[in-house]
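Architecture and fold: a report
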Amino acid sequence: MFFPRDSGAPRTEKSSFKIALFAALTLGAAGLGCGTEHAFRWVQDLPVAPSDGATIEPRDTILVSVKNQPALSGEFLVGDRGEYSQPTVGTINVGGKTTAAVVAELQNSLTGVLVKPEVTVSIVKIAAVRVNVVGEVKAPGSYELPRSRGIMAALATAGWLTEFANRDRIFVIRSDGTEVQRIRFRAAELTAAEPHATGFRLQDGDVVVVE
């Protein structure tokens, strides 16, 4: 496997890049050490991702409007854990929820405060996702990508594959804090626009590994 030099990663993001590289290589070594392939899932085994919907994610900015209640309305930055602080209500977890779901939750929470609360919620600024790309790519490093982008965008941003890359061994390593997933891709499926491969959407903290 190619080991990227420090110069490949933006200087302001070297620490997170090195951590991601270490994690990726450690997982790979675990598979090699036991003489078997480390557990993974083919992207085709996952359901085709729906088109990007109006879900609220960490670091988005949302506009909450409560009719005739300026003190309860305003723009709010969603925290890294998917929460924001709503006046009179307190901390609301909105991460991964649709705007309609948040409207229903807020109207229910405000019922004890207002006679008939009328609430609208919209996303006014969509945050980027932060991903790391390591291994046999021309410019490994840490990158921010629009939320709707997939693995092709990450590879293109990293300069695409090197001549030494194994085009059948491209992985996304994803962790939710309790479980680590390893999802495998082939370059041919990405360039041929195979629905599962091209429909896959990267998430915050994903590590793309090209062997």
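Everything quoted here is computed from the prediction, not taken from an experiment. (Residues numbered from 1 in each chain as written. Predicted model: local features only at pLDDT ≥ 70, side-chain atom pairs only at ≥ 80, totals over all residues. Heavy atoms only, no water.)

1. Some remarks on the pairing of strand E4 (residues 83-86)
- The two faces of E4 differ: Tyr84 and Gln86 on one face are buried, but Glu83 and Ser85 on the other face are not.
- In the sheet, E4 pairs with strand E5 (residues 90-93) via four bridges, with the strands oriented antiparallel. Along E5, the bridge assignment pairs Ser85 with Thr91.
- Taken together, E4 and the strand that follows it, E5, pair antiparallel across an intervening segment of three residues, in which Thr88 is found at a positive phi of about 70°. (Buried < 20%, exposed > 50% of the residue type's maximum accessible area, 1.4 Å probe, protein only. Helix = DSSP H or I, 4+ residues; strand = E, 2+ residues; numbered from the N terminus. Pairing = 2+ DSSP bridges.)

2. As for the sheet that holds strand E7 (residues 129-135)
- The strand order E1-E10-E9-E11-E7-E8 describes an open sheet built from six strands, whose pairing is mixed. Taken across any chain shown, the strands that pair with only one partner, and hence form the sheet edges, are strand E1 (41-42) and strand E8 (141-145).
- With four bridges joining them, strand E9 (residues 170-175) and strand E11 (residues 207-210) adopt antiparallel strand pairing. Residue pairing for E11: Val172 is matched across the bridge by Val208.

3. Thoughts on the confidence of the model for the protein chain
- Chain-level pLDDT for the protein chain is 84 on average; 80% of the residues reach the 70-or-more range.
- Across residues 1-12, confidence stays below pLDDT 50; counting only partners more than four residues off in sequence or on other chains, it has 25 contacts.
- Scored below 50 in pLDDT, residues 28-36 shows three contacts in the model against residues more than four places distant or in partner chains. (pLDDT = per-residue confidence, 0-100. Contact = heavy atoms within 4.5 Å.)

4. Quick notes on the sheet that holds strand E2 (residues 61-66)
- Read from one edge of the open sheet, three strands run E3-E2-E6, paired in antiparallel fashion. For this open sheet the edge positions go to strand E3 (74-77) and strand E6 (119-125), each flanked by a neighbour on one side alone. Shown here is a sheet whose adjacent strand axes are inclined to one another by a mean of 30°, direction ignored.
- Sheet topology note: the E2/E3 ladder contains four bridges and is antiparallel. Note that in E3 the partner of Val64 across the bridge is Gly74. (Axes fitted to C-alpha atoms, helices over the stretch in contact; angles between N-to-C directions.)

5. Focus on the pattern of salt bridges
- The final tally for this structure, using the stated rule, is ten salt bridges.
- Between Glu211 and Arg169 there is a salt bridge, and its shortest N-O distance comes to 2.5 Å. Linking Glu211 in the segment after E11 with Arg169 in the loop between helix H3 (151-157) and E9, this pair joins segments that are 42 residues apart in sequence.
- Overlapping salt bridges, with partners in common, bring together Arg59, Asp80 and Asp204 in one network. (Salt bridge = Lys/Arg side-chain N within 4 Å of Asp/Glu carboxyl O.)

6. Comments concerning the packing of aromatic side chains
- All told, the structure shown has four aromatic pairs when counted by the stated rule.
- On the numbers, 5.2 Å between centres and 75° between planes, the contact of Phe185 with Phe200 is edge-to-face. Taken as a pair, Phe185 in strand E10 (residues 180-185) and Phe200 in the loop between helix H5 (195-199) and E11 lie far apart in primary sequence, 15 residues in all. Of the two residues, Phe185 and Phe200, both sit in the buried class.
- Each member of the aromatic cluster is reached from another via a ring pair, and the members are Phe40, Trp42 and Phe171.
- Above the face of the Phe171 ring, Arg182 is positioned so that its terminal group lies 3.9 Å from the ring centre. (Phe/Tyr/Trp six-rings, centres within 6.5 Å; stacked < 30°, edge-to-face > 60°. Lys NZ or Arg CZ within 6 Å of the ring centre and 35° of its normal.)

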